[in-house]
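Notes for the structure review
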Amino acid sequence: GFTGNPKVQAAEEKTLAEKATGHPMQRSEVTRYWMNRGLSWIAANPGRFFVLECLKLARFLGSYEYSTEYIIYVERESVRSLWLSSLPFALITGLAAAGILMQWKEGFRPPAMLLGLFVLSNFLVVMMFYVSSRYRMPSAPYLILFAAAGVERLWNAMSSRVRGAKTGAVIYGLIAAGLFGIFHVQVDGSSRIQEANAHYNMGNEYNGKKQYEKALS
C-alpha cells in the first residue's frame, strides 16, 4: 500500500498500478489507471461519494485547521504568538457567503466576478482531490474581501432609513450566523489523530536530544 511518504509516492503508485495490471506502465498510463479507479469507485458508491463531498465541504468552510505538517493547536503550546490568529475561518466564510449573495443580488461586476471565479476554481479543485488547511489558503484573501464587503453592506443596510433595508440585512445576517454556527463546530475524529501524531513526533525529537522530561510532557 501507500506509506504516505511524499518522497516515494510516485514510485509507490506506479508499483501498485503495475502489480494490478501485470505489465510495465508509462507515467501517463499510471495516472489514467488511478483516475479510472477513482471514477469506478464513484460510480459504484454514489452515496459514499456524496457523504465524502459533504465532509470536504465542511472542511473547506470550517474553522478547524486540518493539516498534513504543522498542527497549529499543538504549535500554540510552545509558540504563544500563534494565539493572535484567533479569527475563526468559518466566520470569514459565513460573512463571505452573505457578501457574495448580496453582490449577486446587485449584479456581479468584473472585479467581483473575477474574485468569485478564483474562489470557485480553488473550491472545485479541493472538492475533487483532498482538503487540508493549506489547500484552501489561495481562496482566503478573496473570501476576506467578500466578508469585508458583506460586513459593510450589512452595516449600511442596518443604518439605512430605506424601507425594507433592515429586513434584508437581518436575513443576510442570519445566513452568515447560521453558516458560522454549522461549520465552526465541525471537527471529525481525524483531528485527534493529527494532534496525537504531532505530540508523538515532538516526543521523539526531545527523546533523541536526551531531554526526557520534555519528551514525556
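Residues numbered from 1 in each chain as written. Predicted model: local features only at pLDDT ≥ 70, side-chain atom pairs only at ≥ 80, totals over all residues. Heavy atoms only, no water.

It is worth spelling out the overall build of the protein at this point. Counting secondary structure elements, the protein contains eleven helices and zero strands. For a compact globule of 217 residues, the expected C-alpha radius of gyration is about 17 Å, and the protein comes in at 22 Å, more than 25% above that figure. Along the first, second and third principal axes, the C-alpha set of the protein runs to 70 × 50 × 30 Å. In the protein, the share of contacts with a sequence separation of at least 24, taken over all contacts with a separation of at least 6, comes to 66%. Accessible area for the protein stands at about 14600 Å²; split by element, carbon and sulfur atoms hold 66% of it. (Helix = DSSP H or I, 4+ residues; strand = E, 2+ residues; numbered from the N terminus. Rg over C-alpha atoms; globule rule 2.2 N^0.38 Å. Contact = heavy atoms within 4.5 Å. Areas by Shrake-Rupley, 256 points an atom, 1.4 Å probe, with all protein chains shown as cover.)

Attention shifts here to the side chain of D188. In this structure, D188 sits in the loop between α9 (165-184) and α10 (190-208). Of the polar contacts made by the side chain of D188, one reaches the side chain of S190; its length is 2.4 Å. In this structure, D188 is in contact with L55, R59 and Y66, ignoring residues within four places of it in sequence. (Polar contact = N/O pair within 3.5 Å; in protein donor to acceptor, adjacent residues only side chain to side chain.)

Attention now goes to helix α1 (residues 9-21). The α-helix advances 3.6 residues per turn, and as a result positions three or four apart in sequence lie on the same side. Look at α1: 18 Å from first C-alpha to last across 13 residues, which is about the 18 Å you get at 1.5 Å a residue. Within the span of α1, buried status applies to E12, E13 and A17. The buried residues of α1 all sit within an arc of 130° when viewed along its axis, so they share a single face. Backbone geometry just after α1 places G22 at a positive phi near 85°. (Expected span 1.5 Å × (residues − 1). Buried < 20%, exposed > 50% of the residue type's maximum accessible area, 1.4 Å probe, protein only. Arc of directions from axis to C-beta.)

What follows deals with unusual backbone geometry. The backbone of K210 shows a phi angle near 65°, a positive value even though the residue is not glycine. With respect to the helices and strands, K210 occurs in the loop between α10 and α11 (212-216).

This next bit is on the nonpolar core. Counting residues in each nonpolar core, the largest one holds 17 residues, and the members touching the most others are A96, A98, M102, L143, A147, L154 and Y172. Those elements that provide at least two residues to this core are α5 (89-106), α6 (110-128), α8 (140-159) and α9. If sequence neighbours within four positions are ignored, M102 has contacts with G150, R153, L154 and Y172. (Core = buried A, V, L, I, M, F, W, Y, C linked by side-chain atoms within 4.5 Å.)

So, on to the layout of surface pockets. In this model, the largest pocket occupies a volume close to 1200 Å³. As for the largest pocket, its lining consists of 23 residues, of which Q9, K56, M128, F129 and Y130 are closest to the centre. Sort the elements by how many residues they give to the lining of the largest pocket and helix α2 (residues 27-44) lands first, with five residues. Looking at side-chain class alone, the lining of the largest pocket contains 13 nonpolar, four polar and six charged residues. (1 Å grid on protein atoms, 1.4 Å probe; cavity = no way out; pocket = protein on both sides within 12 Å on 5 of 7 lines; lining within 4 Å. Points joined across faces, edges and corners; volume = space filled by probe spheres on them. Nonpolar A, V, L, I, M, F, W, Y, C, P; charged D, E, K, R; others polar.)

A word on the packing of aromatic side chains. For the coordinates displayed, the defined rule picks out six aromatic pairs. Aromatic side chains Y33 and W34 sit 5.0 Å apart centroid to centroid with 80° between the ring planes, which places their arrangement in the edge-to-face category. Judged by its relative accessible area of 16%, Y33 is buried. The class for W34 is partly exposed, based on a relative accessible area of 26%. Ring pairs connect the aromatic residues Y64, Y66 and Y73, which therefore count as one cluster. (Phe/Tyr/Trp six-rings, centres within 6.5 Å; stacked < 30°, edge-to-face > 60°.)

Look at helix α3 (residues 46-61): 23 Å from first C-alpha to last across 16 residues, which is about the 22 Å you get at 1.5 Å a residue. Buried residues along α3 sit in contact with α5, α6, α7 (133-136), α9 and α10.

What follows deals with a nonpolar patch on the surface. Together, M113, L117, L120, L124, V125, M128, F129, Y130 and Y135 make up a nonpolar patch on the protein surface, roughly 900 Å² of accessible area in all. Of the residues forming the nonpolar patch, the biggest block, six residues, is contributed by α6. Summarising the element assignment, L117 is placed in helix α6. (Patch = residues over 30% accessible without salt bridge, like charges linked within 9 Å, V, L, I, M, F, W, Y side chains within 5 Å. Salt bridge = Lys/Arg side-chain N within 4 Å of Asp/Glu carboxyl O.)

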